[in-house]
Amino acid sequence: MLSIHPSIDNGITKGDSNFSGGKLYCRCPSNKVEVTLGSNVLHNHACGCSKCWKPEGALFSVVGVIPVDKVSVTANADKLHIIDSSAAIQRNACKECGVHLFGRIVNDHPFKGLDFVHTELSDSKGWQEPQFAAFVSSIIEQGFRPEGIDGVREKFKSVGLETYDVLSPPLMDLIATYTGQKSGKLPAKL
Ligand SMILES: N[C@@H](CCC(=O)N[C@@H](CSCO)C(=O)NCC(=O)O)C(=O)O
Ligand SMILES: [Zn+2]
Ligand SMILES: [Zn+2]
């Protein structure tokens, strides 16, 4: 059976609005990289892009954002390396098991100050549930047959998630506002 993602395939479990964070662990059997998150995530979403970490067999990643000052590596930091330092999101992965612990934006970017994280790497319950599906058509670039894409979109709709081929409209509006302000077409203060 085709797996979108283990946290979506059988329906979505709602998060807890009072949840205040927890720890992420890589998938090494011992000496796990540990990252402590000091709050819940925001804008959690399924992402079909080729760069976000996906669990084995899944077509999509599930990834959310969290302010960078809420993220700290609390064990085995020496096992981390940056997958692609030229990417906008510098994904810090475990050198041994390959899991991405956090993705950080270091260059000028509308989402600078936010880290990208995968809450499925935590044992805690209460993380924000996925809110939408992004970069759906990107799975075709990675070899998914285009005739199956309507079925993927229907699956998302059946669990209550809207689908987009970029990010959600509010996030695209944030990016566009940033771009408009940078070029001077929009005032710096709105
Ligand atoms: N079709 C491309 C899209 C890659 C892409 O633009 N990904 C987005 C979303 S990642 C999390 O939502 C992005 O912002 N990437 C910046 C980066 O990865 O550094 C593909 O599939 O590769
Ligand atoms: Zn590991
Ligand atoms: Zn992505």
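Because the structure is a prediction, the values reported are computed rather than measured.

Here a ring pair, both rings aromatic, is described through the centre-centre distance and the interplanar angle of the planes. Inspection of the entire model under this criterion finds three aromatic pairs. Ring geometry for Phe 19 against Trp 127: centres 4.6 Å apart, planes inclined by 70°, an arrangement best described as edge-to-face. Highlighted residues: Phe 19 in the loop between helix H1 (6-9) and strand S1 (22-25) and Trp 127 in the loop between strand S9 (114-117) and strand S10 (132-134), separated in sequence by 108 residues. Each member of the pair, Phe 19 as well as Trp 127, is classed as buried. Relative to Tyr 164, the ring of Phe 132 has its centre 6.0 Å away and its plane inclined at 65°; by these criteria the two rings are edge-to-face. On the criterion of sequence distance, the pair formed by Phe 132 in strand S10 and Tyr 164 in the loop between strand S11 (162-163) and helix H4 (169-183) is long-range, its members being 32 residues apart. Look at Tyr 164 and you get partly exposed, because its relative accessible area is 24%.

Here we come to the UniProt feature "domain: CENP-V/GFA" (unreviewed entry) in the chain. Residues given the UniProt feature "domain: CENP-V/GFA" (unreviewed entry) here are residues 19-165. Here residues 19-165 is 10% helix and 34% strand, with 30 Å between the C-alpha atoms at its ends.

Take the coordination of the zinc ion (ligand 3) next. Note on the zinc ion (ligand 3): its protein donors are Cys 47 (SG), Cys 49 (SG) and Cys 52 (SG). The metal-donor distances range over 2.2 to 2.3 Å. Each of the four donor atoms bound to the zinc ion (ligand 3) contributes to angles spanning 95 to 126°, and the resulting shape is tetrahedral. Counting residues between consecutive donors of the zinc ion (ligand 3) along the chain gives the motif C-x1-C-x2-C. Across this residue pair, the class does not change: Cys 47 and Cys 52 are buried.

Attention shifts here to the nonpolar core. Ranked by internal contacts, the top residues of the largest apolar core, which has 19 residues, are Leu 24, Cys 26, Val 35, Leu 37, Leu 101, Phe 102 and Val 117. Of all the secondary structure elements, the ones that give two or more residues to this core are strand S2 (34-37) and strand S8 (100-105). In this view, Leu 101 contacts Leu 24, Tyr 25, Cys 26, Val 33, Val 35, Leu 80, Asn 92, Ala 93, Cys 94, Val 117 and Leu 121; residues no more than four positions away in its chain are not counted. Counting residues in each nonpolar core, the second largest holds 15 residues, with Ile 4, Ile 8, Val 62 and Val 136 among its members.

Right, let's get into the sheet that holds S2. Read from one edge of the open sheet, three strands run S1-S2-S5, paired in antiparallel fashion. Every interior strand has two partners, whereas the edge strands, S1 and strand S5 (71-75), have only one. Between one strand and the next, the sheet's axes are offset by a mean angle of 30°, whatever the strand orientation. Here four bridges tie S1 to S2, and the two strands are oriented antiparallel to one another. Counterpart to Gly 22 in the pairing with S2 is Leu 37.

Applying the stated criterion to the full structure yields eight salt bridges. One salt bridge in this structure joins Glu 129 and Lys 14, with 3.5 Å as the shortest N-O distance. Of this pair, Glu 129 sits in the loop between S9 and S10 while Lys 14 sits in the loop between H1 and S1; the two residues are 115 residues apart in sequence, bridging distant segments of the chain. With relative accessibility at 65%, the residue Lys 14 sits in the exposed group. The shortest N-O distance in the salt bridge between Arg 153 and Asp 165 comes to 2.8 Å. Remark: Asp 165 occurs in the loop between S11 and H4 and Arg 153 occurs in helix H3 (residues 149-158); sequence separation between them is 12 residues.

Turning to the coordination of the zinc ion (ligand 2), a few remarks are in order. Cys 26 (SG), Cys 28 (SG), Cys 94 (SG) and Cys 97 (SG) make up the full set of protein donors to the zinc ion (ligand 2), lying at 2.3 to 2.4 Å. Here the donor residues of the zinc ion (ligand 2) share one chain and are spaced in sequence as C-x1-C-x65-C-x2-C. Taken together, the residues span a long stretch of sequence, with Cys 26 in the loop between S1 and S2 and Cys 97 in the loop between strand S7 (89-94) and S8 at a distance of 71 residues. Residue Cys 97 is classed as partly exposed on the basis of its relative accessible area, which comes to 28%.

Reading guide: rules and limits
- Residues numbered from 1 in each chain as written.
- Chains lettered and ligands numbered in written order.
- Predicted model: local features only at pLDDT ≥ 70, side-chain atom pairs only at ≥ 80, totals over all residues.
- Heavy atoms only, no water.
- Phe/Tyr/Trp six-rings, centres within 6.5 Å; stacked < 30°, edge-to-face > 60°.
- Helix = DSSP H or I, 4+ residues; strand = E, 2+ residues; numbered from the N terminus.
- Buried < 20%, exposed > 50% of the residue type's maximum accessible area, 1.4 Å probe, protein only.
- UniProt positions renumbered as here; feature names shortened; annotations may be inferred.
- Donors = N, O, S within 2.8 Å, 3.2 Å for Na, K, Ca; no water.
- Tetrahedral: all angles 85-135°; square planar, octahedral: opposite > 155°, others 65-115°.
- Core = buried A, V, L, I, M, F, W, Y, C linked by side-chain atoms within 4.5 Å.
- Contact = heavy atoms within 4.5 Å.
- Pairing = 2+ DSSP bridges.
- Axes fitted to C-alpha atoms, helices over the stretch in contact; angles between N-to-C directions.
- Salt bridge = Lys/Arg side-chain N within 4 Å of Asp/Glu carboxyl O.

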